[in-house]
Amino acid sequence: MNLFTETNLSPDILKAIGELGYESPTEIQKQTIPFILSDIRDLIALAQTGTGKTAAFSLPILDMIDDTSRKIQFLVLCPTRELCLQITKDIKNYSKYMQNIKTTAVYGGSSIMDQIRSLKEKPQIIVGTPGRVIDLINRKALDFSAIHWLVLDEADEMLSMGFKDELETIMKETPETKQTFLFSATMSKEVERISKNYLTKPHRISVGSINEVKKNIKHEYYVAGYRQKKEALKRLIDSNPNQYSIIFCRTRMETQEVADFLMQNGYAADALHGDLSQAQRDTVMKKFRLKNIDILVATDVAARGLDVDSLTHVVHYSLPDDPEVFVHRSGRTGRAGKDGISISLIKPEESRKLKQIKSVTKIEITESRIPTGEDIVKAQVAGVFENLLEVHQDFFEFDDSLIPDLSEFTKEELVHKLLQFQLKDLALYYKDKHDILEQKMSSRDDDRGGRDRDRGRDRDRGRDRDRDRGPRGDRDGRSDRGERRGDRGGKPRQRDENMTRFFFNLGKKDQLKKLDVLEIINKATSSKGSKRAEIGNIEILEKFSFFEIEKSYKNELLGNIQSMKFKGKDMRAEEAN
Ligand code: AMP
């Protein structure tokens with residue numbers, strides 16, 4: 001099966017996915033679509049995010065769902081609010097031409113009354129996070145008596161986030177006759193246990209096998225905290241001047257954010273992910289192939305259609321869950337007889353993940369130090385000479401009389417001047433910048449520790465564990481309430497002494513985006529001549545936001561922002577503790 005048209009899916013579905021630019025099924029789709037369409041067994045599918053698993057389970061179910069019934073037939077459970085919204089959006093896209101099909105998302109951190117209201121419209125499909133689904137069951141707002149298909153998406157994540165009891169309760173609420181599909185990136189003991197107890201003789205599939213590890217790729221890793229990651233990435237790019245690279249991110253949102261950051265900082269970069277239309281993706285890929293841009297920020301699946309041989313670097317901006325994906329990503333460099341470099345940016349609490357990748361793939365990944373401003377300037381100078389010495393032909397007629405009298409300078413002085421001229425902006429940027437402090441990997445298994453702590457805290461609060469988690473797989477998400485109190489959970493963040501953190505009265509509900517905050521800060525601090533305030537972390541939460549700017553701009557910002565408006569709304573900022 002190489003094309004979707006060979007899958008027997010209904011014309012309505014084929015039309016919808018055709019518009020999304022899906023032509024050939026991904027590996028997991030090739031395996032699950034025919035299975036779900038024709039088999040009545042339960043299923044365990046080992047596949048990580050980015051493999052196309054949402055379409056893998058939802059397309060065949062949409063094909064079979066009864067659109068004349070107004071009962072819930074299909075339930076998807078997933079760990080986070082973001083994933084819940086993403087899956088809902090995907091299913092709505094896939095069922096765009098199925099007039100009578102309605103899908104509702106139910107997740108924590110958002111008004112339960114609104115969700116109850118939308119359940120009254122009798123959707124056939126529910127996508128939910130376990131905590132909120134339980135709340136709604138308790139309020140008798142969900143009738144699961146007609147469920148045919150239950151999907152547990154990212155089952156390992158749900159279990160490690162402490163949703164075991166909720167999952168068991170929900171599974172007991174659904175009819176025994178249903179078909180259960182469990183998707184998980186890893187087959188942990190808990191996943192095994194839950195499948196043993198709740199799945200009947202499941203069919204098992206797993207996507208792909210470990211790719212061959214290439215020997216001509218050098219693997220480096222750099223430790224950078226959540227707040228330093230983008231700056232660390234910038235430094236790594238600047239210290240590798242003539243690179244042609246793909247930066248891999250986990251989610252579409254992260255992909256766009258990183259690409260925006262690079263573009264705002266003047267790099268020839270762009271984003272490639274599933275939220276773009278096929279035409280947009282084609283344009284980005286073309287620009288990259290033609291080297292009009294030399295940095296592509298992409299999700300795993302979106303990058304799949306791109307075949308380029310001359311990548312100098314692959315950057316794992318976020319580590320994948322699956323070691324196989326790590327090998328696959330890295331193998332995109334070091335092609336056609338050339339050497340390649342694979343760079344991983346690792347948060348201090350990701351030691352367990354790194355260890356797992358190292359042990360499964362047997363790749364040697366060595367720790368390196370994030371370049372200092374001095375390292376970067378040196379690398380840039382070497383880059384200029386590398387380019388200079390590669391020029392072996394004259395590209396245009398050049399009349400020597402155009403050169404002014406330079407006899408007062410020695411050759412070295414002239415080279416010096418040209419370099420100063422060429423690298424002025426970069427050198428100025430790094431001149432007053434603090435180097436990124438070396439960070440140690442935490443010796444503890446913090447990835448899990450963080451979750452356990454979160455779990456404990458949520459238990460104390462006794463509700464809605466799923467609320468306000470960060471993007472898929474990003475455990476740095478925080479709750480609005482926690483944020484205001486400065487209760488971040490997990491490790492306390494390192495504060496930069498030169499920055500002031502502000503509370504800002506607008507948030508996602510006001511359609512505030514990071515770009516808007518950048519613009520607002522720039523506007524409110526524009527009176528100090530051309531020097532712009534340095535901007536630190538920006539966090540946009542549901543009802544309000546936080547941002548950090550250079551301390552010396554504090555009063556100016558506070559003075560100006562009061563008289564500014566965003567989409568007609570008054571702005572208010574105050575120093576946060
Ligand atoms: P998922 O693993 O479900 O998060 O999917 C990752 C991304 O791949 C999403 O952006 C999907 O829209 C996209 N995608 C899924 N299936 C296909 C396909 N067959 N062809 C192209 N893109 C796909």
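Computed from a predicted structure; not experimentally measured.

S.K.: Just checking my understanding: could you explain the overall build of the protein for this structure?
M.R.: The secondary structure content of the protein amounts to 21 helices and 20 strands. Within the protein, buried positions represent 52% of all 577 residues. In the protein, 76% of the contacts between residues at least 6 apart in sequence involve partners at least 24 apart.

S.K.: Teacher, can you tell me more about the pairing of strand 10 (residues 269-272) here?
M.R.: Two faces make up the sheet, and in a regular strand the side chains alternate between them. Where burial is concerned, the two faces of strand 10 agree: the one with Ala269 and Ala271 and the one with Asp270 and Leu272 are both buried. On the question of chirality, the crossover connecting strand 10 to the parallel strand 11 (residues 295-298) by way of helix 12 (residues 278-289) is right-handed.

S.K.: Just checking my understanding: could you explain the sheet that holds strand 7 (residues 203-206) for this structure?
M.R.: Two strands in a sheet stick together by hydrogen bonds in their backbones, pointing the same way (parallel) or opposite ways (antiparallel). On the basis of which strands lie adjacent, the open sheet formed by 7 strands has the order 3-4-2-5-6-1-7 and parallel pairing. Two strands in the sheet have a free side with no partner beyond their single neighbour: strand 3 (103-106) and strand 7. Going from strand to strand, the sheet's axes swing by 15° on average, the running direction of each strand aside. Pairing geometry for strand 5 (residues 149-152) and strand 6 (residues 179-184), over 4 bridges, is parallel. When the sheet's bridge partners are listed, Leu152 is paired in strand 6 with Leu182. On top of the sheet, helix 6 (residues 130-138) reaches strand 2 (74-77), strand 3 and strand 4 (125-128); it is set at about 105° to strand 3, its chief contact.

S.K.: Any chance you could explain the packing of aromatic side chains here in plain terms?
M.R.: If you walk through the whole model with that rule in mind, you get 11 aromatic pairs. A centroid spacing of 4.5 Å and a plane angle of 25° characterise the contact between Tyr244 and Phe288, whose relative ring orientation is stacked. Here the residue Tyr244 occupies a position in the loop between helix 10 (229-238) and strand 9 (245-248), and Phe288 occupies one in helix 12, the gap between them amounting to 44 residues. An aromatic cluster of at least three residues, connected via ring pairs, comprises Phe4, Tyr22 and Tyr94.

S.K.: What is the right way to read unusual backbone geometry from this model?
M.R.: Glycine aside, residues mostly have negative phi, and peptide bonds are mostly found in the trans state. Unusually for a residue other than glycine, Lys122 sits at a positive phi of about 60°. Here Lys122 lies in the loop between helix 5 (112-119) and strand 4. A relative accessible area of 47% places Lys122 in the partly exposed class. In this model, Lys140 sits at a positive phi of 60°, which is unusual for a non-glycine residue.

S.K.: Could you clarify how one ought to interpret the site of the ligand in this entry?
M.R.: Close contacts around the ligand come from 16 residues, with Tyr22, Gln29, Gly52, Thr54 and Arg252 the closest. A distance of 2.8 Å separates an oxygen atom of the ligand from a polar backbone atom of Gly52. For the ligand, an oxygen atom lies 3.3 Å from a polar atom in the backbone of Lys53. Contact with the protein chains removes 90% of the 500 Å² of surface that the ligand exposes when unbound. In terms of residue class, the shell around the ligand is built from 4 nonpolar, 9 polar and 3 charged. When we break the shell around the ligand down by domain, the ones giving at least three residues each are domain 1 (4-206) and domain 2 (217-370).

S.K.: I'm lost on the pattern of salt bridges in this one. Help?
M.R.: Pairs can form between side chains of opposite charge once their charged atoms are near each other. For the structure on display, the rule yields 31 salt bridges. For Asp510, the salt bridge goes to Lys509, with nearest N and O atoms at 3.0 Å. Connected through shared salt-bridge partners, Lys89, Asp90, Arg252 and Asp275 make up one network.

S.K.: Just to check I follow, could you spell out the UniProt feature "short sequence motif: Q motif" (unreviewed entry) in the protein for this structure?
M.R.: Those places that UniProt annotates as "short sequence motif: Q motif" (unreviewed entry) correspond, in this numbering, to residues 2-30. Taken as a whole, residues 2-30 contains 45% helix and 0% strand, while its terminal C-alpha atoms sit 8 Å from one another.

S.K.: What exactly am I supposed to notice about the state of the cysteines here?
M.R.: Among covalent bonds in proteins, the disulfide is the one between the sulfur atoms of two cysteines. Within the structure shown, the criterion is met by 0 disulfides. Summary of cysteine pairing: Cys78 is not part of a disulfide, and the nearest cysteine sulfur, belonging to Cys84, is at 4.5 Å.

S.K.: Is there a simple way to think about helix 12 in this case?
M.R.: Since the α-helix advances by 3.6 residues per turn, residues separated by three or four positions end up pointing in the same direction. When the terminal C-alpha atoms of helix 12 are compared, their 16 Å separation across 12 residues agrees well with the 16 Å that a helix rising 1.5 Å per residue should span. Taken residue by residue, helix 12 has Arg281, Val284, Met285 and Phe288 as its buried positions. Each buried residue of helix 12 sits inside an arc of 95° when the element is viewed along its axis, so together they form one side. Of the residues in helix 12, the exposed ones pointing more than 90 degrees away from the buried face are Ala279 and Lys286. Taken together, the buried residues of helix 12 touch strand 9, strand 10 and strand 11. Just downstream of helix 12, Lys291 is the residue with a positive phi angle, here 60°.

S.K.: Honestly, the nonpolar core in this entry has me stumped. Any pointers?
M.R.: In summary, soluble globular proteins display a tendency toward joint burial of nonpolar side chains. With 38 residues, the main nonpolar core has Leu59, Phe74 and Phe181 as its most contacted residues. Considering every element that reaches this core, the biggest residue donor is helix 3 (residues 53-64), with 6 residues. Setting aside anything within four residues of it in sequence, one finds Phe74 in contact with Phe57, Ser58, Ile61, Ile65, Ile91, Gln124, Ile125, Ile126, Trp149 and Val151. The next biggest cluster of nonpolar side chains, apart from the first, holds 30 residues, and it includes Ile147, Leu152, Ala155 and Met161.

S.K.: How do you make sense of a negative patch on the surface when you look at a structure like this?
M.R.: Together, Asp405, Glu408, Glu412 and Glu413 make up a region of like negative charge exposed at the surface. Within the secondary structure, Glu412 sits in helix 17 (residues 411-431). For Glu412, a relative accessible area of 54% translates into the label exposed.

S.K.: Sorry if this is basic, but what is going on with the environment of Ala268 here?
M.R.: Along the chain, Ala268 falls in the loop between helix 11 (252-264) and strand 10. Residue classification places Ala268 among the partly exposed positions, given a relative accessible area of 31%. Sequence-wise, Ala268 and Leu296 are 28 residues apart; in three dimensions their C-alpha atoms are separated by 8.7 Å. Not counting chain neighbours up to four residues away, the residues in contact with Ala268 comprise Asn292, Ile293, Asp294 and Ile295.

S.K.: Even after reading the chapter, I still don't get the sheet that holds strand 16 (residues 535-540), so can you show me in this structure?
M.R.: One open sheet holds the 4 strands; their spatial order is 16-17-15-20, and the pairing between them is antiparallel. Taken across any chain shown, the strands that pair with only one partner, and hence form the sheet edges, are strand 16 and strand 20 (573-575). Taking the axes of each pair of neighbouring strands and ignoring which way they run, one obtains an average angle of 25° across the sheet. The pairing of strand 16 with strand 17 (residues 545-550) spans 4 bridges and is antiparallel. By the bridge assignment for strand 17, Ile538 is matched with Phe547. This element, helix 20 (residues 514-524), spans strand 15 (499-504), strand 16 and strand 17 of the sheet and lies at about 135° to strand 16.

Quick notes on the rules
Residues numbered from 1 in each chain as written. Predicted model: local features only at pLDDT ≥ 70, side-chain atom pairs only at ≥ 80, totals over all residues. Heavy atoms only, no water. Helix = DSSP H or I, 4+ residues; strand = E, 2+ residues; numbered from the N terminus. Buried < 20%, exposed > 50% of the residue type's maximum accessible area, 1.4 Å probe, protein only. Contact = heavy atoms within 4.5 Å. Right-handed = clockwise from strand over helix to strand, strands pointing away. Pairing = 2+ DSSP bridges. Axes fitted to C-alpha atoms, helices over the stretch in contact; angles between N-to-C directions. Phe/Tyr/Trp six-rings, centres within 6.5 Å; stacked < 30°, edge-to-face > 60°. Near = heavy atom within 4 Å. Polar contact = N/O pair within 3.5 Å; in protein donor to acceptor, adjacent residues only side chain to side chain. Areas by Shrake-Rupley, 256 points an atom, 1.4 Å probe, with all protein chains shown as cover. Nonpolar A, V, L, I, M, F, W, Y, C, P; charged D, E, K, R; others polar. Domains from an automatic or database assignment. Salt bridge = Lys/Arg side-chain N within 4 Å of Asp/Glu carboxyl O. UniProt positions renumbered as here; feature names shortened; annotations may be inferred. Disulfide = S-S within 2.5 Å. Expected span 1.5 Å × (residues − 1). Arc of directions from axis to C-beta. Core = buried A, V, L, I, M, F, W, Y, C linked by side-chain atoms within 4.5 Å. Patch = residues over 30% accessible without salt bridge, like charges linked within 9 Å, V, L, I, M, F, W, Y side chains within 5 Å. Lys, Arg positive; Asp, Glu negative; His and termini not counted. Charge placed at Lys NZ, Arg CZ, Asp CG, Glu CD.

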